[in-house]
Amino acid sequence: MEKIIEESKQGESLVLENKPENNKKLYIESYGCAMNFSDSEIVASILSSNGYNTTQVLEEADLVLVNTCSIRDKAEQTIRKRLEKYNAVKRINSKMKVGVLGCMAERLKSQFLEQEKIVDLVVGPDAYKDLPNLLSEVEEGRDAINVILSKEETYGDISPVRLMSNGITALVSITRGCDNMCTFCVVPFTRGRERSREPQSIMAEIQDLYEKGFKEVTLLGQNVDSYLWYGGGLKKDFDKASEIQKATAVNFDHLLEMVAQTFPKMRIRFSTSNPQDMHESVLHIIAKYPNICKHIHLPVQSGSDRILKEMNRLHTREEYMTLVDKIKTIIPGCAITQDMITGFPTETEEDHKDTLSLMEYVKYNFGYMFAYSERPGTLAERKMEDDVPEETKLRRLQEIVDLQQQHSLISCQEFIGETVEVLIDKISKKSAAEFSGRNSQNMTVVFPKENYKIGEFVNVKITSCTSGTLKGEAVGYSEMN
Ligand code: SAH
Ligand code: F3S
């Protein structure tokens, strides 16, 4: 989402502070997008009130849950391998139960229980509050399933336990589901219709994070710019709302401004912006508040008008370029990042060249690029033939990856000699003598530790870089401290 979670975190098992009164052990692994990682924190919170502490040792678990991703076939294959592994352990530890959560649970539903007989529990993304009931069924020897998608569920009343947390940065979900129906995408089927979370519960969650010492939040949604709270209910039903509801509705501009004003000492990020829903007004808010990070993840998927249309992306190449121009004028120095798909059905060499030329135009700071993977049930799967040969998809993918690499290097080089504000979030993986953090543009910055600490905002003068990392030296604390 897409704040995509780093490769190294995929499949990480999550642990939280344990309650002494809990006597059962939960092992929970997450795959896919940031929303899934955020959901696992909600699940752990629900189960923590129902007798479960988390463990990182698979073999000692009473309950193994895997929060799954269906976005591409490869993601599902990875999870199938994990299920095989859990079942091997289950043969030794027979009291262990295995459950599938998330998008694959929603997509494959009872198939896991009936045909494959490899899991005890199947729970879709809107049914996590039902977990305690479902677990009682499992304990009584029955398989349990709830994959009902909801019009209202936003888990606004659950205070997530911060599982993968460094205590510095946290994910806060603001919308669930997606109404866009991009023809390649399985998300509207697995996560249901779009609904927004009550602003007060978002503010309360951030307040709580602030009090716990967190320094940065990322507001999460499939399509954050379409956030709209009018008292609950689906985004698509807004037209039917009362005049009062309409007059007091909170949109993303309001929400973002409210968060930035209320928490001036916290950094605010958001992801993802869909170009068709991002308007100029939000750009002025991003520009106005120094604590809103200057980074917009703006997936485009293709640079070809014809392909954009086939994908049901509701904007043209030209409109996208105009939006990019506006971003660059209104928010100087703003990083723009992309998601791109190569080899969508009917994509020609000409279409691919359009993608490359759009990339040349924007010069993205970073990107997530994928070969098209046909997903069962999507409009593209039903109406179009997956006709671009695999080797062509992969060759085109390599071409855009190579071009992105060049652009990432250029964006990094532009920072040499500049001083950037960095929120320190960890010790550098490469050297224990260095800290690693992110600047406003979400680029990784590495520098010698000196006497600084994790969680502090420091100004770092950039002296060199690679295509993915800025390197420099701290020159003092920033005003955000
Ligand atoms: N609007 C969402 C998109 C979620 S999917 C968000 O960004 O929050 C994340 C990315 O996965 C998409 O932007 C797209 O580039 C890629 N993707 C989705 N479906 C795909 C498919 N069938 N094949 C290849 N890539 C896909
Ligand atoms: Fe998927 Fe398009 Fe929504 S990519 S998540 S249907 S915006």
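Residues numbered from 1 in each chain as written. Chains lettered and ligands numbered in written order. Predicted model: local features only at pLDDT ≥ 70, side-chain atom pairs only at ≥ 80, totals over all residues. Heavy atoms only, no water.

> So what's going on with the overall build of the chain? Which residues, and what values?
Regarding its fold elements, the chain presents 15 helices and 22 strands. When its C-alpha atoms are laid out on the principal axes, the chain stretches across 65 × 55 × 55 Å. A burial count over the chain gives 57% of its 481 residues as buried. When the 60 positive and 73 negative side-chain charges of the chain are each reduced to one mean point, those points stand 2 Å apart. (Helix = DSSP H or I, 4+ residues; strand = E, 2+ residues; numbered from the N terminus. Buried < 20%, exposed > 50% of the residue type's maximum accessible area, 1.4 Å probe, protein only. Lys, Arg positive; Asp, Glu negative; His and termini not counted. Charge placed at Lys NZ, Arg CZ, Asp CG, Glu CD.)

> Go over the UniProt feature "domain: MTTase N-terminal" (unreviewed entry) in the chain with me, naming the residues and quoting the values.
Taken from the UniProt record, the annotation "domain: MTTase N-terminal" (unreviewed entry) applies to residues 24-140. Along residues 24-140 one finds 47% helix and 21% strand; the C-alpha atoms at either end are 16 Å apart. (UniProt positions renumbered as here; feature names shortened; annotations may be inferred.)

> Provide a residue-level description of the nonpolar core, including the pertinent values.
Burial of nonpolar side chains together is a common tendency in soluble globular proteins. Residues Leu 219, Phe 252, Leu 256, Phe 270, Leu 283 and Ile 296 are the most contacted members of the largest nonpolar core, which totals 54 residues. Looking at this core, the element that brings in the most residues is helix α12 (residues 317-330), giving six residues. Setting aside residues no more than four positions away along its own chain, Phe 270 makes contact with Thr 218, Leu 219, Val 224, Phe 252, Leu 256, Met 278, Ile 286, Ile 292, His 295 and Ile 296. (Core = buried A, V, L, I, M, F, W, Y, C linked by side-chain atoms within 4.5 Å. Contact = heavy atoms within 4.5 Å.)

> I'd like a description of the UniProt feature "binding site: [4Fe-4S] cluster 1" (unreviewed entry) in the chain, backed by residues and values.
Here the UniProt feature "binding site: [4Fe-4S] cluster 1" (unreviewed entry) sits at Cys 33, Cys 69 and Cys 103. The largest pairwise C-alpha distance within this set of annotated residues, which runs over 71 residues, is 10.6 Å, so the set is compact in three dimensions. With respect to the secondary-structure elements, Cys 69 resides in the loop between β4 (63-68) and α2 (73-92). Apart from the residues lying within four places of it in its own chain, the contact partners of Cys 69 are Tyr 31, Gly 32, Asn 36, Ala 75, Glu 76, Ile 79, Cys 103 and Met 104. In this structure, Cys 103 is in contact with Thr 68, Cys 69, Ser 70, Pro 125, Thr 190 and Arg 191, ignoring residues within four places of it in sequence.

> Tell me what's going on with the sheet that holds strand β11 (residues 216-220), and back it up with residues and numbers.
Taken together, the three strands give an open sheet; going across it, the order is β8-β11-β14, and neighbouring strands pair in parallel fashion. Edge positions in the open sheet fall to β8 (169-173) and β14 (267-271), since each of these has one partner strand only. Neighbour to neighbour, the strand axes of the sheet diverge by 25° on average, direction disregarded. Where β11 lies against β14, five bridges are found, and the strand directions are parallel. Across the sheet, residue Val 217 finds its bridge partner in β14, namely Ile 268. Sitting on the sheet, helix α9 (residues 252-262) touches β11 and β14, and the angle it makes with β14 is about 155°. (Pairing = 2+ DSSP bridges. Axes fitted to C-alpha atoms, helices over the stretch in contact; angles between N-to-C directions.)

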